[in-house]
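Here's the letter readout for the chains.
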Amino acid sequence: MAEPRKVRFKINGAIREGTAEPRKLLVDFIRDDLGLTGTHIGCEHGICGACTILFNGEAARSCLMLAVQAEGADLTTVEGLAAADGKLHPLQEAFWEHHALQCGFCTPGMLMAAYDLLQINPTPSEEDIRTGLSAVLCRCTGYQGIVEAVKAAAERMRSTS
Amino acid sequence: MSAADSSRAPDPAPAAIGKLVGARIRRVEDRRLLTGRGSYTDDYRSGIPLYAAFFRSQDAHARIVSIDVSAARAMPGIVAVVTGAELARVAKPMRARSTMPGYRSTSQPALAIEKVRFVGEAMAVVVATSRYLAEDALEKIAVELEPLAALFDLEAAAKTEAPRLHDEAGGNVLVSREFARGEITPGLDRAAPAAAALTIRERFRFQRHAAVCIEPRSYVAEYNSGTGELVLHSATQCPGVVRTALAETLDMPEHQVRVIATDVGGGFGAKSSVYPEEVTVAALARMLERPVKWTSDRREDLMTTSQAWDEVIDAELALDADGTILQLKADVIADIGAYSVYPWTLVIEPVQTVSFMPGPYRVSNYWARALAVATCKAPTGPYRGVGRPVSTFVMEGLIDRAARKLGIDPAELRMRNFVRPDQFPYKTATGIVWDQAPFEELMLTACARLGYDELRAEQQLVRATGRYLGIGFAAYCELTGIGSATPAAPGMLVPSGTEAATVRVDPSGTVTAIFGVASHGQGLETTLGQVVADELEIPLAAVKVAYGDTASAPYGTGSYASRGAVMGGGAGILAARAVREKADLIAAHLLESDPRAGKIAEGENRGGRRISLREIAQAAYSGTKRLPKGMEPGLEATRFYDPYYGTASAAVHALALEIDPETYAIRILRYVAAEDCGRVINPLVVDGQIFGGVVQGLGAALLEQVVYDDQGQLVTGSLMDYIVPSAADVPTIIAEHLENLSPTSLGGFRGVGESGTIGAPAAVANAIADALAPLGVVPNEIPITPDWLFRAINKCRPEPG
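Quick caveat: nothing in here was measured; it's all calculated off a predicted structure.

### Re the overall build of chain A
Here comes step 1: Along chain A, the regular secondary structure elements total 5 helices and 5 strands.
Here comes step 2: Seen in sequence order, chain A has helices and strands lined up from the N terminus as β-β-α-β-β-β-α-α-α-α.
Here comes step 3: Its C-alpha radius of gyration of 16 Å places chain A within 12% of the 15 Å reference for a compact globule of 161 residues.
Here comes step 4: Projecting the C-alpha coordinates of chain A onto the three principal axes gives extents of approximately 50 × 30 × 25 Å.
Here comes step 5: For chain A, with 161 residues in total, the buried portion stands at 59%.

Spelled out as structure tokens, the structure:
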């Protein structure tokens, strides 16, 4: 069994640290050691996308990463999407308005993937959205509300930027 | 037609008080779910927990000769390793009971003791200070298994000479039911009725599926050795059922067992059963007097969470020259896996397939047989639609074959046979009563919205160019919100026919409505709040809806069988109404006016005085001095609701698709679901159930299949192999709603949660058959994969050159 190592990184704007065995998954570290249970585990083999976070600004599957890989990095999870005063991100507002969630379990991953999609492509077509979000599985919504929500959020973000 | 019509944003103006039911209100539960503040079972942080990991069989059928856990026990961080024999001292095996004649029950110990019956069945459990260490120790468990002849084919398993999975059952056929109504000769392939111009005979196959909730199953058990209370946090749809089941298996008084389902990440029926892991985790917590936690990984989930459908149906439909149905016959064999699912029993799937086979049609003469056969696979259990996706696939497939042979338009043939509006209440051949359903109107609505006539014309044109464009229908009716007259499974451990609600007003005037139904995505926290708030004529924000905790909820079984709105709503109305009546009397008394004129009026002026619910509540809790003579203090009510029969919920699905002749890829051009779910509480929620259900149905039709190899190994053991639809795989769905209030349910509500999966496989199969009509290819199997299409089409294609 390898020795636990010190891990230190920025997450949602704050520096956090702890110790982790090299084999400890990043998503387990975020949930158990940092107490940020918003990021969810759906498959542990990188398909469902519920564990999607932003790693140095890009979407990444935290179930396929090790905690020690995050050393010195800058992470954002769903808890970091809303503003410090609690004001929801346009994506969160749009998801709420358009019924883009039902059980909510895929939602954190879907939000982070949508955030990354809009970073890369601020004017996505419906097809772009469906393809861009195909990496996160939802079993409840049929994706319809999600697609509408991302369209609406993209429009709102363009008009306020 | 753009997607915007189907899921437009809610109105910005808040819905008026008393008019919340019917309003497109965004959900109250969403804020926490959107900000990562949901409370799923794996999020729950008890005291210092221990973590369980299960040692599972890699053999499909074997006798356990010996199991040696001594090396595992010695591993770092290991607190206990428990075998089946040891667990049996503190936990009785699960045995799903039924009073159905001919039913043979099976005993399922939480950890296998003498033999294992499917790959993935647990034989031992490791408990450690971390999940990582627990899984390390699994590798040190040594087991000696003596392989037994295994069975994976349901027809082979049904033979009397087949090796037995359960000696006590005397065979693998665990239930056999036969049913006949009207003038009919039992059995298939007999002489047709004299008036029959056509008999359609077909063998249908509906393969095995998995629910794949994005949240895997998760349990955290805590035991208080001081009070003797066991508390289980469980990702379950049915806290009440789990509580009763744990009391039975752990031999504990029911009032010492508490089950709490907080936020649950999807269920679809797969989280309505009681699982061996659930019983084990609870037993361990009690045994070790430490909190014990287990969360399934996806591989375990695909191996052990209850699977769905897996039936072979031989069916026959006889019609006269006008296309009027004369008789229907169906012989159903269901592969229910290794054990009878607990506590629903294996009966529910095949019997519902048979019960609902006649569909929305006038069928007076019906013969059916249902067999449930055990094989070495994971047990099947309830999954969205239970029996009805299969029965709809069969009946709608028979109807379409008849339409093609008779040269009658498939929509027209259905219209000719639908139960007519003047025939309700209509008792079907299987004894189910449809209280009311607008089948003809649904078909006309679906056709209009689809643009049916235009599509038929287009089809004629494109066929000439060698393109495969097809249109398909599926019409069905289901019984939702079933009451005590229609048990989900007769003689089952827990009764499913009632639900309850407590509505409580606090001294400060805030209202709590507590339910036995529990939400796992369907928005009950909002919709039941709308119902209660309207009854009390207060804003939605004044009502807190609570559910999922057996300690606070009046007894209820949970959310399944499309019953949440009908039964939770009905109980909520009764309880709120009782509170309202009492509050009105108190208000009138306080205002010294005629009790018949009393009315809660939030801020309303009455004779110069306003009276709020808060004032009324203060009076209610301050004692008899301020209350009408003889009135008991307090302001709360608990009511139970039994709709007795249940209420019909119907739909017609219609779609157009095109098949690429080179790649066999399927492109859905338009999908319409026309449905009637009675009074709509929240259009957003109903739309969401339709869209989500249809997409699950499309996955079932085209992508999903649980596959076992000939050694019983699960081939589809990851999400790479078991393909669940992604956003790129599915179209926009168009939902059309009729709103005929249920004449029998208290709020006029009908259930709608399962409807999508019921219609989609049948509609897709029919559309593909229609597209390939020039080749004569007619799918009789679900899923219709590219591979299936490739083989079928190439058999029929003329040779090139």
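### A look at empty space enclosed by the protein
All names here are of chain B.
Here comes step 1: All chains considered together, the criterion is met by 8 cavities of 30 Å³ or more.
Here comes step 2: In this model, the largest cavity occupies a volume close to 190 Å³.
Here comes step 3: Lining the largest cavity we find 21 residues, and of these Gln108, Tyr275, Pro276, Thr304 and Pro379 sit closest to its centre.
Here comes step 4: For the lining of the largest cavity, the class distribution of residues is 12 nonpolar, 5 polar and 4 charged.
Here comes step 5: Of the volumes computed, that of the second largest cavity is approximately 80 Å³.
Here comes step 6: Looking at side-chain class alone, the lining of the second largest cavity contains 4 nonpolar, 6 polar and 5 charged residues.

### Side note on the packing of helix α2 (residues 90–97) of chain A against helix α3 (residues 107–120) of chain A
Residues and elements named next belong to chain A.
Here comes step 1: Running from N to C, α2 and α3 point in directions that differ by 125°, and their axes come no closer than 10 Å. Classified by the interaxial angle, the pair formed by α2 and α3 is oblique. Crossing hand, α2 versus α3: right-handed. Seen from α2, the contacting residues are Leu91, Gln92 and Phe95; seen from α3, they are Thr107, Met110, Leu111, Ala114, Tyr115 and Leu118.
Here comes step 2: Considering only residue class, the contact of α2 with α3 consists of 7 nonpolar, 2 polar and no charged.

### Things to note about the sheet that holds strand β6 (residues 115–116) of chain B
Residue and element names in this part refer to chain B.
Here comes step 1: The strand order across the open sheet built from 3 strands is β6-β2-β8, with neighbouring strands paired in antiparallel fashion. A strand with exactly one partner marks an edge of an open sheet, and here the two such strands are β6 and β8 (142–147).
Here comes step 2: Two elements, strand β2 (residues 62–68) and β8, share 6 bridges in a ladder whose sense is antiparallel. Paired with isoleucine 67 across the bridge in β8 is valine 143.

### Here we look at the interface of chain A and chain B
Here comes step 1: Between chain A and chain B, the residue contacts involve 50 residues of the former and 59 residues of the latter.
Here comes step 2: Summed over both partners, the interface of chain A with chain B buries about 4,800 Å², with 55% contributed by carbon and sulfur atoms.
Here comes step 3: Ranking the residues of chain A by area buried against chain B places Trp96(A), Arg139(A) and Gln144(A) at the top, with a combined share of 20%.
Here comes step 4: Across the chain A-chain B interface, the total number found is 8 salt bridges.
Here comes step 5: The residue Glu704(B) makes a salt bridge to Arg139(A) at a minimum N-O spacing of 2.7 Å.
Here comes step 6: Between chain A and chain B we count 31 residue pairs in polar contact (both at pLDDT 80 or more) in total.
Here comes step 7: Among the secondary structure elements, those contributing two or more residues to the side of chain A that touches chain B are α1 (26–33), α2, α3, α4 (126–132) and α5 (144–160) of chain A.
Here comes step 8: A breakdown of the residues in the side of chain A that touches chain B according to their chemical character gives 20 nonpolar, 17 polar and 13 charged.

### A word on the packing of aromatic side chains
All names here are of chain B.
Here comes step 1: According to the stated counting rule, one finds 18 aromatic pairs over all chains in the structure shown.
Here comes step 2: On the basis of an interplanar angle of 75° and a centroid distance of 6.4 Å, the ring pair of phenylalanine 118 and tyrosine 339 is categorised as edge-to-face. Here the residue phenylalanine 118 occupies a position in the loop between β6 and β7 (122–128), and tyrosine 339 occupies one in the loop between β16 (325–337) and α9 (348–355), the gap between them amounting to 221 residues.
Here comes step 3: A centroid spacing of 5.0 Å and a plane angle of 70° characterise the contact between tyrosine 644 and tyrosine 645, whose relative ring orientation is edge-to-face.
Here comes step 4: Of the residues examined, tyrosine 644 reaches a relative accessible area of 45% and is grouped as partly exposed.
Here comes step 5: Residue class for tyrosine 645 comes out partly exposed when judged on its relative accessible area of 47%.
Here comes step 6: Among the aromatic side chains, those forming a connected cluster through ring pairs are Phe204, Phe206, Trp309, Tyr383 and Phe393.

### Concerning the layout of surface pockets
Here comes step 1: Here the second largest pocket is characterised by a volume of approximately 650 Å³.
Here comes step 2: Forming the walls of the second largest pocket are 37 residues, and the residues nearest its centre are Asp28(A), Asp32(A), Tyr51(B), Arg131(B) and Lys293(B).
Here comes step 3: When residues of the lining of the second largest pocket are traced back to their parent elements, those giving at least two are β2 (14–20) and α1 of chain A together with β1 (50–56), α4 (131–138) and β14 (292–295) of chain B.
Here comes step 4: Considering every element that reaches the lining of the second largest pocket, the biggest residue donor is α1(A), with 4 residues.

### Some points on unusual backbone geometry
Here comes step 1: Here the residue pair Tyr342(B) and Pro343(B) is connected by a cis peptide bond, since its omega of 5° sits within 30 degrees of zero.
Here comes step 2: Along the chain, the position of Pro343(B) falls in the loop between β16 and α9.
Here comes step 3: The peptide bond linking Phe424(B) to Pro425(B) adopts the cis configuration, its omega dihedral lying at -5°.
Here comes step 4: Checked against the element boundaries, Pro425(B) lands in the loop between α11 (410–417) and β18 (426–427).
Here comes step 5: Even without glycine at this site, His99(A) takes up a positive phi of about 55°.
Here comes step 6: Mapped onto the elements of the fold, His99(A) is located in the loop between α2 and α3.
Here comes step 7: If you check the backbone angles, Asp251(B) has positive phi at about 55° while not being a glycine.

Calculation notes
Residues numbered from 1 in each chain as written. Chains lettered and ligands numbered in written order. Predicted model: local features only at pLDDT ≥ 70, side-chain atom pairs only at ≥ 80, totals over all residues. Heavy atoms only, no water. Helix = DSSP H or I, 4+ residues; strand = E, 2+ residues; numbered from the N terminus. Rg over C-alpha atoms; globule rule 2.2 N^0.38 Å. Buried < 20%, exposed > 50% of the residue type's maximum accessible area, 1.4 Å probe, protein only. 1 Å grid on protein atoms, 1.4 Å probe; cavity = no way out; pocket = protein on both sides within 12 Å on 5 of 7 lines; lining within 4 Å. Points joined across faces, edges and corners; volume = space filled by probe spheres on them. Nonpolar A, V, L, I, M, F, W, Y, C, P; charged D, E, K, R; others polar. Axes fitted to C-alpha atoms, helices over the stretch in contact; angles between N-to-C directions. Parallel < 35°, antiparallel > 145°, perpendicular 65-115°, else oblique. Left-handed = near helix turned anticlockwise from the far one by under 90°. Contact = heavy atoms within 4.5 Å. Pairing = 2+ DSSP bridges. Buried area = accessible area lost by both parts, 1.4 Å probe. Salt bridge = Lys/Arg side-chain N within 4 Å of Asp/Glu carboxyl O. Polar contact = N/O pair within 3.5 Å; in protein donor to acceptor, adjacent residues only side chain to side chain. Phe/Tyr/Trp six-rings, centres within 6.5 Å; stacked < 30°, edge-to-face > 60°.

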